[in-house]
Amino acid sequence: MCSSDLEATIDGVLGLTAGLEPAVRAAAVGAMLDRPATIGRLLAAVESGAIPPGAIPLERRKPLLESPDAELRARAARLFDAPAALSPDELASLTLAVRRGGDQSRGREAFAKHCATCHRAALPGDEPVGHAVGPDLAEAADRPIERLLLDAVEPNRSVEARFEATIVVTAEGNVVEGILVAASPDSVVLVRPGGERTSLARGDIESIRGTGRSLMPEGLDRKSTRLNSSHANIS
């Protein structure tokens, strides 16, 4: 295959990638990251917004950020090593507030108001509160407080593939967004905020694509975060 044909093929794959469902897109992105000749074109697609940054898995970003190619390393840093939403002083202040401990009853109220549509949590001996749509908060118990705070304020900074939001457009024009939890040749199943499971037949689907982002809204108000984080002891 001549170079022009190869470039046309790469451009064709990149043009389709953003519209693929997560598992298929992950395979396409992985294949391009495995080939030095296509990495630059892939990053260009991310830079232009044609492919969301979240389509590049976390485990594949580190080699890009440490690439011996200075230009590639700089491009990766601009895409994946952006400044955090919280300043160091804000992060230190919020971390201190969490370490002081809080009021469990107020923490539960804050959780029910802001988090329970997509997360579950429970006090020992109590029934779980919320819905298991996003990450299991029990699995996050060992993470540094600073990481948890950054994830709350800037949820799209790093999104695990299994919790990426997927958008399905039906043949009738309906738009359904949720976490893709099952896919077969005949149907797909999305879990939506509130725990609702929606099954859609493949024959009724016009398009399906991963968004590269979380279902959790961006820009969680800092004041709300400051007030509620100090009462975040709910489990």
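So, here is what we can say about the structure in this document. Keep in mind the model is a prediction, meaning the values are calculated, not measured.

## A few points about the pattern of salt bridges
And then number 1: Across all of its chains, the model carries eight salt bridges by this definition.
And then number 2: Put simply, Glu 164 and Arg 25 hold a salt bridge, and the shortest N to O gap is 2.7 Å. Of this pair, Glu 164 sits in the loop between helix H8 (145-153) and strand E3 (165-170) while Arg 25 is found in helix H2 (residues 22-33), placing the two residues 139 residues apart along the sequence. Taken as a pair, Glu 164 and Arg 25 share a single burial class, namely buried.
And then number 3: One salt bridge connects Arg 162 with Glu 160, and the closest N-O pair in it is separated by 3.0 Å.
And then number 4: Arg 162 sits in the partly exposed class, given a relative accessible area of 47%.

## Some remarks on the side chain of Arg 61
And then number 1: Looking at the secondary structure, you find Arg 61 in helix H4 (residues 58-65).
And then number 2: Exposure remark for Arg 61: the relative accessible area of 9% places this residue in the buried category.

## As for the environment of Arg 61
And then number 1: For the pair Arg 61 and Ala 77, spaced 16 residues apart in sequence, the C-alpha separation works out to 9.2 Å.
And then number 2: Sequence-distant contacts of Arg 61, defined by excluding residues within four places in its chain, comprise Pro 53, Gly 54, Ile 56, Phe 80 and Arg 157.

## Quick notes on the nonpolar core
And then number 1: Among the nonpolar cores identified, the biggest contains 16 residues, and Leu 42, Ile 51, Ile 56 and Leu 64 are the most heavily contacted of them.
And then number 2: Per-element accounting of this core gives the leading share, five residues, to helix H3 (residues 36-48).
And then number 3: Val 168, Val 188, Leu 190 and Leu 200 belong to the second-largest nonpolar core, a separate cluster that totals seven residues.

How each quantity is defined
- Residues numbered from 1 in each chain as written.
- Predicted model: local features only at pLDDT ≥ 70, side-chain atom pairs only at ≥ 80, totals over all residues.
- Heavy atoms only, no water.
- Salt bridge = Lys/Arg side-chain N within 4 Å of Asp/Glu carboxyl O.
- Helix = DSSP H or I, 4+ residues; strand = E, 2+ residues; numbered from the N terminus.
- Buried < 20%, exposed > 50% of the residue type's maximum accessible area, 1.4 Å probe, protein only.
- Contact = heavy atoms within 4.5 Å.
- Core = buried A, V, L, I, M, F, W, Y, C linked by side-chain atoms within 4.5 Å.

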